[in-house]
Amino acid sequence: MEQITLKVFEGREVKKQGDLFGIFFEDLNHAADGGLYAELIRNRSFEFDRIDNPTYHGLTAWKVIERGRSVVNAHVDMVDPLNDRNLHYLRLEVNTAGLGGGIQNEGYGEGIPVEKGKVYDFSCYYRRKSTAPVSAIVRLEDVSGKKIYAEKRFVAEGREWTQFSCELIASDTDSAGRISILFEEAVRIDLDMVSLFPRDTFLGRKNGLRKEIAELLKEMKPSFMRFPGGCLVHIGSLNSEDRNSIYRWKNTVGPIESRPPRRNSWNYNQTLGLGYFEYFQLCEDIGAQPLPVVPAGFDPHFLRSCPLDEMQEWIDEVLELVEFANGPVTTKWGSVRAKMGHPDSFHLKYLAIGNEEVGKEFFERYEIILKALKAKHPEIEVIGSAGPAAKGSEYDMGWDLAEKTETSYVDEHYYQSPEWFIANAERYMEYPKRNAKVFLGEYASHENTWKNALYEAVFMMGMEKAPEMALACYAPMLCHVDYTNWHANMIFYNNHQVYATPNYYVQKLFMRNQGEALIETHDNIVKKEKTTPTMEGEVLFTTSNANVEISNLVIMDRTNNSIQKLDDFKLSPEVAEKECGRITGKNYAISFEFEKKACPLAKSLTGAGSFMLRFARQNPQNEMRWIIDGWEHMTMLEGAINNYPSGLGMYTIDVEENRVYKALLEVEDNHVTTYIDGKKYCDHEAKNVIPESLYYSAVEDADAVMVKAANVEKESKDVVIQLENSSATEATLYIMEDYKLEDANSFDEPMKVSPKEKTVAVQNGRITYCMKPYSLAVFHIKRG
């Protein structure tokens, strides 16, 4: 068995760790409404609309109840609404009461979860239109209405908008409950802002958060929280008053009944009940620095941009956000914060402008906002964007601009195969020293198995060691399983259950054992020789949403001195694939001309109309892909391993219809280069995935030394940790081992892949431990 010795030098600081590991909240997968935000009623203010989702309407999630001989009419109205930002309400007419007529809400997922003995806070606004007061019933019940779990009667007297509230105590448990508002006599009444919260929210706050989800976040001890997105912050109309506007923070503060409904860019409605005040408050509650992301007057998805001479609105919005977070109560926005219950500052330190931006339009506007922000608030550490890929034109543009400006951090994003994270474990060790540090604002490896989490842990150790790495957060974080937009996430839940993934437990281990400083280490690990992958394989063209004509296709196999000319062909959604043979050599070129034609399907999709050249194809799951005119009008190079793609370069291109372009792909050993009309785009050297014998890091704080180690091979390793200058006699070990790589957690087995805690001896400053195959260990050694 291979023996590996790690020498760890307590007190020999290499670099400060700062706020290295944090979390990222983006409202997708119903992360807010139906998720972290504890509101149990869906469409509480009757504001759902087709603009949110083509299937939505004002009565989505509501059902008319007619029991006995009752006759009920219900419709959504707009005459004299509750306020000028909440324009819709329910007009309910019970013409014949029978055994009870009214309306019922189905909640999120399978229903409204109620638990025996728990207290629920109900409230609504009503306006009586009938001539005489009328008795109303608020009832928690099962889906059939036959089982009643709680009930409260009240007399609706108000002729103007009046708020009623009460508590309901559940007599039984039901994960698929309903709430109904019923009348046993004829009535004409308006209803709005019908709300139901569990009393037991996180820290007992009103308008609060779902306790079991928020507690999982707090247990991680993140250094910061990035919010509220993500693509959420830069998709939509630039007019803040529009129903489908870009996310604007001012719309999310103040009384919840006055927060306007907005379309969520992930195709659902957002109530904004979880807004900027609540985000800041959550950060404070869990001990995380707030890291808000604001738009820059540019939507890269639909190419909307604010004229450069009209940017003052966007500048003011950023400056006023700092005032809202940090300003004295005597300021306009500081007083808004105080009225919401927080007179003290939220101590905003970080602020990101833009998400994963594409196009010079963003960078022009970013620089304008940055200059104004730094002039008034030089203390704020500003984060710029390096686009949506680990390499490419926007990546270069973001880093180049950071060198010329007062940008503190550059935000990189990528989602790659697990193997990419092993092959690039030292990515950030190779970064040059620059004015700005790295913020890895979104990353993940496509799935939630133990393999994914373990390989991400290896990459995180590389981040711990890298001098230029400052901040990093996994993405996305939350997912309601009944409303999934994004497949791989850190925490999953339904309306009454929650479980954390292996990725969560890895992130938690790193956050709770982040330390204040990286310390010096030595090892006896012999680096393995790197080899280059074979680039031979099948060649084919494919599309799903483009009409494109391919002509003058030539494959030059330079290794075998052969040239093959192929017939012209067309690709379309109906004829989506064309096989072009197999290349056996390692040096070759593929040249062709292409001309795109109009395609109705492409017009309906953002950045659609792409086609790709697939090459070096070993099988349908393992290949290289050159994508032309892809997402956000980019040309991209991807490598797929086990069908999980890794972005290897993403470059802006605007392909016009009815124009002929010349394309060239060149492969020399493991070096891939692409050209369009003679201009070089992607330039990549492919790597074989050759894991090292062991990956490790060592950090310390005032109380302890923490050593992390990962074995990603199928053989066990004897690991000896020699703690120089340590008087400790024991250490706490957090170990993740004895799992299959494909193991994952679930509602049925929520802790299947999670750390176990044990005590290990420290003898004469030495810890000896057998690292099993595919294992991760964190040794927490308290100072003697």
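Residue numbering note: each chain is counted from 1, following its sequence as written. In view of the model being predicted, local features appear only for residues whose pLDDT reaches at least 70, and side-chain atom pairs are presented and counted only at 80 or more, with totals across whole chains, interfaces and linings using the full set of residues. Derived side-chain values reflect all non-hydrogen atoms in the structure, with water molecules and hydrogen atoms excluded from consideration.

Peer 1: Hey, could you run me through the overall build of the protein chain in this one?
Peer 2: Here a helix means four or more residues in a row that DSSP labels H or I, a strand means two or more in a row labelled E, and each is numbered from the N terminus. Looking only at helices and strands, one finds ten helices and 48 strands in the protein chain. The C-alpha radius of gyration of the protein chain comes to 29 Å, within 12% of the 28 Å expected for a compact globule of 784 residues. For the protein chain, the C-alpha atoms occupy an extent of roughly 90 × 75 × 55 Å along the three principal directions. Counting the 784 residues in the protein chain, one finds 61% classified as buried. Considering only intrachain contacts with a sequence separation of at least 6, the fraction spanning at least 24 residues in the protein chain is 74%. As displayed, the protein chain offers around 30,500 Å² of accessible surface, 47% of which is attributable to carbon and sulfur atoms. The positive count covers Lys and Arg only, the negative count covers Asp and Glu only, and His and the chain ends enter neither. Note on charges: their place is set at NZ of Lys, CZ of Arg, CG of Asp or CD of Glu. One finds the centroid of the 90 positive side-chain charges in the protein chain at a distance of 2 Å from the centroid of its 118 negative side-chain charges. With the radius of gyration taken over C-alpha atoms, the globule rule is written as 2.2 Å times the number of residues to the power 0.38. Partly exposed residues are those whose accessible area sits between 20% and 50% of the maximum for their type, while under 20% is buried and over 50% is exposed, using a 1.4 Å probe and protein chains only. Working rule for contacts: check all heavy atoms of both residues, and any pair within 4.5 Å makes them a contact. Using a 1.4 Å probe, accessible areas were evaluated by the Shrake-Rupley method; residue-level cover was limited to the displayed protein chains.

Peer 1: Would you take a moment to explain the environment of P198 for this structure?
Peer 2: Along the chain, P198 turns up in strand β13 (residues 187-198). When the C-alpha atoms of P198 and G208 are compared, they prove to be 8.8 Å apart, with ten residues separating the residues in sequence. The residues touching P198, leaving out its near neighbours within four places in the chain, are A38, L40, V119 and Y120.

Peer 1: For this particular structure, what's the right way to read the sheet that holds strand β26 (residues 491-493)?
Peer 2: Hydrogen bonds between backbone atoms are what pair the strands of a sheet, whose relative direction is either parallel or antiparallel. Pairing between strands requires that DSSP locate at least two bridges from one strand to the other. Read from one edge of the open sheet, three strands run β25-β26-β27, paired in mixed fashion. If you trace the sheet from one side to the other, it starts and ends with β25 (478-480) and β27 (498-500), each paired once. Taken over all neighbouring pairs, the strand axes of this sheet differ in orientation by 20 degrees on average, direction set aside. Both β25 and β26 contribute to a ladder of three bridges, which runs parallel. Bridge assignment links C479 to a residue of β26, and that residue is F492. Note on geometry: axes are lines fitted to C-alpha atoms, helical ones only across the stretch in contact, with angles between N-to-C directions running from 0 to 180 degrees.

Peer 1: Hey, could you run me through the environment of A475 in this one?
Peer 2: Relative to the assigned elements, A475 resides in the loop between β24 (469-473) and β25. A sequence separation of 472 residues divides A475 from Q3, and the C-alpha atoms of the two residues are 36 Å apart. Discounting chain neighbours no more than four positions away, the residues touching A475 are F24, Y415, E442, Y443 and A444.

Peer 1: What is the right way to look at helix α1 (residues 211-220) in this model?
Peer 2: Each turn of an α-helix holds 3.6 residues, which means side chains three or four residues apart point in the same direction. Listed in full, the buried residues belonging to α1 are I213, A214, L216, L217 and M220. All buried residues of α1 fall inside an arc of 150 degrees around its axis, so they share one side. Residue K221 follows α1 closely and has a positive phi angle near 60 degrees. This arc describes the spread of directions from the helix axis toward the C-beta atoms.

Peer 1: Can you walk me through the packing of aromatic side chains in this structure?
Peer 2: In this description, an aromatic ring pair is defined by two values, namely the gap between the centres and the angle between the planes. Any two rings among Phe, Tyr and Trp, with Trp reduced to its six-membered ring, count as a pair given centres within 6.5 Å; such a pair is stacked if its planes are under 30 degrees apart, edge-to-face if over 60, and tilted if neither. Applying the stated criterion across every chain yields a total of 52 aromatic pairs. Pairing F224 with F439 gives two aromatic rings, centres 5.7 Å apart and planes at 80 degrees, and the pair type is edge-to-face. Note that F224 is positioned in strand β14 (residues 224-227) and F439 in strand β23 (residues 437-444), a separation of 215 residues in sequence. Aromatic pair Y443 and F459: ring centres 6.5 Å apart, planes at 45 degrees, arrangement tilted. With Y443 in strand β23 and F459 in helix α8 (residues 450-465), this residue pair connects regions lying 16 residues apart in the sequence. Residues Y443 and F459 agree in their burial class; the two are buried.

Peer 1: Just to check I follow, could you spell out the nonpolar core for this structure?
Peer 2: If you look at soluble globular proteins, the nonpolar side chains tend to sit buried side by side. Counting 166 residues, the largest nonpolar core has F25, F592, F594, F615 and L776 as the members making the most contacts within it. Not counting residues up to four positions away in its chain, the partners in contact with F594 are V548, E549, I550, F611, I628, V655, R659, V660, Y661, A663 and I676. Here the nonpolar core consists of buried residues drawn from Ala, Val, Leu, Ile, Met, Phe, Trp, Tyr and Cys, with membership extended through side-chain atoms lying within 4.5 Å. Counting residues in hydrophobic clusters, the runner-up holds 37 residues, among them V72, L90, C124 and F164.

Peer 1: How should the sheet that holds strand β17 (residues 289-294) be read in this particular structure?
Peer 2: As summarised here, the arrangement of the eight strands in space is β2-β14-β17-β20-β21-β22-β23-β24, forming a closed barrel in which the pairing is parallel. Adjacent strand axes in the sheet meet at a mean angle of 25 degrees when their direction is disregarded. Where strand β2 (residues 21-24) meets β14, two bridges bridge the pair, whose relative direction is parallel. Following the sheet pairing, F24 is matched in β14 by R226. Of the strands in this sheet, β20 (350-353) and β21 (381-385) are in contact with helix α5 (residues 360-376), which crosses β21 at around 180 degrees.

Peer 1: Looking at this model, I keep getting lost on the packing of helix α2 (residues 276-286) against helix α3 (residues 312-326). Mind explaining?
Peer 2: The description of two packed helices rests on the angle between their axes and on the distance between the axes. Close contact between α2 and α3 brings their axes to 11 Å; oriented N to C, the two are set at 50 degrees. Accordingly, the angle class assigned to the pair α2 and α3 is oblique. Both α2 and α3 take part in a crossing whose hand is right-handed. From α2, Y276, F277 and F280 reach across to α3, where they touch L321, F324 and A325. Each angle receives one of four descriptions, namely roughly parallel if under 35 degrees, roughly antiparallel if over 145, roughly perpendicular if within 65 to 115, and oblique otherwise. A crossing counts as left-handed when the near helix is turned anticlockwise from the far one by less than a right angle, and as right-handed when that turn is clockwise.

Peer 1: Even after reading the chapter, I still don't get the packing of α3 against helix α4 (residues 332-339), so can you show me in this structure?
Peer 2: At a minimum axis separation of 7 Å, α3 and α4 run at an interaxial angle of 45 degrees. Of the possible angle classes, the one that applies to α3 and α4 is oblique. When you trace α3 past α4, the crossing you get is right-handed. Every residue of α4 that contacts α3 at E320, E323, F324, A325 and N326 is listed here: K332, W333, G334, V336 and R337.

Peer 1: Explain helix α9 (residues 502-512) to me, please; I cannot follow it from the model alone.
Peer 2: Of all eleven residues making up α9, ten are buried, and the element is well covered by its neighbours. Here α9 has its buried residues at P502, N503, Y504, Y505, V506, Q507, K508, L509, F510 and M511.

Peer 1: Looking at this structure, how should I read the pattern of salt bridges?
Peer 2: Oppositely charged side chains are able to pair whenever their charged atoms sit close together. Throughout this description, the term salt bridge denotes a Lys or Arg side-chain nitrogen within 4 Å of a carboxyl oxygen of Asp or Glu. Across all of its chains, the model carries 53 salt bridges by this definition. K530 is paired through a salt bridge with E692; the nearest N and O atoms lie 3.3 Å apart. With a gap of 162 residues between them, K530 in the loop between β28 (517-523) and β29 (537-543) and E692 in the loop between β41 (679-685) and β42 (695-700) connect regions that are remote in the sequence. Judged by its relative accessible area of 6%, E692 is buried. With its nearest N and O atoms 3.7 Å apart, the salt bridge here joins D743 to K752. Taking relative accessible area as the criterion, D743 reaches 12% and is therefore assigned buried. When its relative accessible area of 33% is taken as the criterion, K752 is described as partly exposed. Linked through salt bridges whose partners overlap, the residues forming this network are R614, R617, E623, R625 and E638.

Peer 1: Is there a simple way to think about the side chain of D557 in this case?
Peer 2: In this fold, D557 is placed in strand β30 (residues 547-557). Buried charged residue D557 carries no salt bridge. Nearest counter-charge: R558, at 8.4 Å.

Peer 1: What is the right way to read the side chain of S265 from this model?
Peer 2: With respect to the secondary-structure elements, S265 resides in the loop between β15 (262-264) and β16 (268-270). Looking at S265, the relative accessible area reads 14%, which means it is buried. Those residues in contact with S265 that lie beyond four places of it in its chain are C231, L232 and I235.

Peer 1: Just to check I follow, could you spell out the environment of L90 for this structure?
Peer 2: Within the secondary structure, L90 sits in strand β5 (residues 89-96). Between the alpha carbons of L90 and E313 there is a distance of 35 Å; along the sequence they are 223 residues apart. When near neighbours in sequence (up to four residues on either side) are disregarded, L90 contacts F46, L59, A74, H75, I103, I189, D190 and L191.

Peer 1: Help me out: how do you make sense of unusual backbone geometry in this one?
Peer 2: Both trends apply: most residues other than glycine have a negative phi, and most peptide bonds are in trans. Cis peptide bonds are those with omega within 30 degrees of zero, and the linkage from G229 to G230 qualifies with 15 degrees. Tracing the sequence through the fold places G230 in the loop between β14 and β15. The phi torsion at L272 lies on the positive side, around 65 degrees, for a residue other than glycine. Looking at the secondary structure, you find L272 in the loop between β16 and α2. What makes L272 buried here is its relative accessible area of 4%.

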